[in-house]
Structures are given as structure tokens and as C-alpha cells.
Amino acid sequence: MRFSNLFRFIQHIGNMGAASGKKRVAYAFANILIMALGVLCAVGVKVLAGHMDESFGMLIACVVGIIICGLLALLCFLQGFVAQIALVIIAGIGMFHREERGGNIIAFLIALLTTVGLIVALVIFLQMT
């Protein structure tokens, strides 16, 4: 990962901290989309792994695709997951501000439920493979 991507990710976390309660709900959904993209790339790895035995050209294409999809899956999953955990903490702290309590509660619940759901889905997925 390039350092510019790391700085963008840190800036994303900082933007979530500076946002209002209602804007944090949008960040929760954006983090869900990033995690969903990571899951989609992981499914791509699984599909490509199933087609590796068709021909030599397909083997090379699948290996390249697996490397690209695997790296993207890891990058998206980690960034979305870490950002969602950070949002749980940020929205949890933000619930103490009376004027932004509603949006922070919604963002907190969305972030917490998707984080727990992702962990449960990951455990189920790892047991299946």
C-alpha cells in the first residue's frame, strides 16, 4: 500500500471524527460499501480458483486475477472494517453531545451491527472452506 493511500485512510477516519451525527450515518453506509467491495473481490478469488484447470492460458489469467482480487479484497476489507470499528468508537463518544445524539445513535447501531455481522459471516465462511 502506498503512503498516499494510508494518508487518505487516516484522513477518512479524521473526517468521520469531525462530522456531525447525521453525516456519520452516511459514513457508516460508505464503510459498508467498501466492505461489500472487499467481499465481492473475495468471491472473485473463489470463482477464479474454480476455473484454473481449464487451460494453460486460463491458468495464467486466473493466477493474475487471484492476485489482483486478493489484494483488493484485503485492502477493501481491512479499510472498511477498521473504519467501521473507528466509527463505532467515534459515534459512541458522539452520543454524549445532546444536539447530535440521534444521528450518532443511528450511526453507532449501524456500525456495530455490521461489524458484528461481518465477524459472524467471516467465522461461518472460514468454517465452510
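In this convention, every chain numbers its residues from 1, walking through the sequence in written order. With pLDDT at 70 or above as the cut-off, local features in this predicted model cover only qualifying residues; side-chain atom pairs require 80 or more to be listed or tallied, and sums for whole chains, interfaces and linings still use all residues. Excluded from the side-chain calculations are hydrogens and water; all other atoms, namely the structure's heavy atoms, are used.

Packing of helix α2 (residues 21-50) against helix α3 (residues 56-94) leaves a shortest axis separation of 7 Å and a crossing angle of 155°. Taken together, the axes of α2 and α3 lie roughly antiparallel to each other. Considering how the two elements wind past one another, α2 and α3 form a crossing that is left-handed. Split by residue class, the contact of α2 with α3 holds 23 nonpolar, 7 polar and 1 charged. In this description, a line fitted to the C-alpha atoms serves as the axis of each element, helices being fitted only across the stretch in contact, and the angle between N-to-C directions of two axes falls anywhere from 0 to 180 degrees. In this text, helices come from DSSP runs of H or I with a minimum length of four residues, and strands from runs of E with a minimum of two, each type numbered from the N-terminal end. For classification purposes, an angle smaller than 35 degrees is called roughly parallel, one larger than 145 roughly antiparallel, one from 65 to 115 roughly perpendicular, and anything else oblique. Helix crossings fall into two classes, left-handed where the near helix is turned counterclockwise from the far one by less than a right angle and right-handed where it is turned clockwise. Under the scheme applied here, ten amino acids are nonpolar (Ala, Val, Leu, Ile, Met, Phe, Trp, Tyr, Cys and Pro), four are charged (Asp, Glu, Lys and Arg), and all others, including Gly, are polar.

Another point: the side chain of histidine 12. Following the sequence through the fold, histidine 12 ends up in helix α1 (residues 3-18). Among the residues examined, histidine 12 registers a relative accessible area of 19% and is labelled buried. Should any heavy atoms of two residues lie within 4.5 Å, those residues are counted as being in contact. Beyond its immediate chain neighbours, meaning those up to four positions away, histidine 12 contacts Tyr27, Asn31 and Ala83. A 1.4 Å probe rolled over the protein chains alone gives each residue an accessible area, and that area as a share of the maximum for its type sets the label: buried under 20%, exposed over 50%, partly exposed in between.

This part takes up a nonpolar patch on the surface. Every patch collects residues that have over 30% relative accessible area and no salt bridge, joining them within 9 Å if they carry like charges and within 5 Å if they are nonpolar side chains (Val, Leu, Ile, Met, Phe, Trp, Tyr). Surface accessibility follows the Shrake-Rupley procedure with a 1.4 Å probe radius. Residue values consider only the protein chains on display as shielding. Within this document, salt bridges are pairs made up of a side-chain nitrogen of Lys or Arg and a carboxyl oxygen of Asp or Glu, the two lying within 4 Å of each other. Taken together, Phe56, Ile60, Val64, Ile68, Leu72 and Leu75 make up a surface patch of nonpolar side chains, about 550 Å² in accessible area. Along the chain, isoleucine 68 falls in helix α3.

Bringing the nonpolar core into the picture now. Put simply, buried Ala, Val, Leu, Ile, Met, Phe, Trp, Tyr and Cys residues joined by side-chain atoms within 4.5 Å make one nonpolar core. Residues Met16, Tyr27 and Leu87 are the most contacted members of the largest nonpolar core, which totals 15 residues. Only α1, α2, α3 and α4 (101-128) provide two or more residues apiece to this core. At 6 residues, α3 tops the list of elements feeding residues into this core. Other than its neighbours up to four places away in sequence, methionine 16 contacts Arg24, Tyr27, Asn31, Ala83, Ala86, Leu87 and Ile90.

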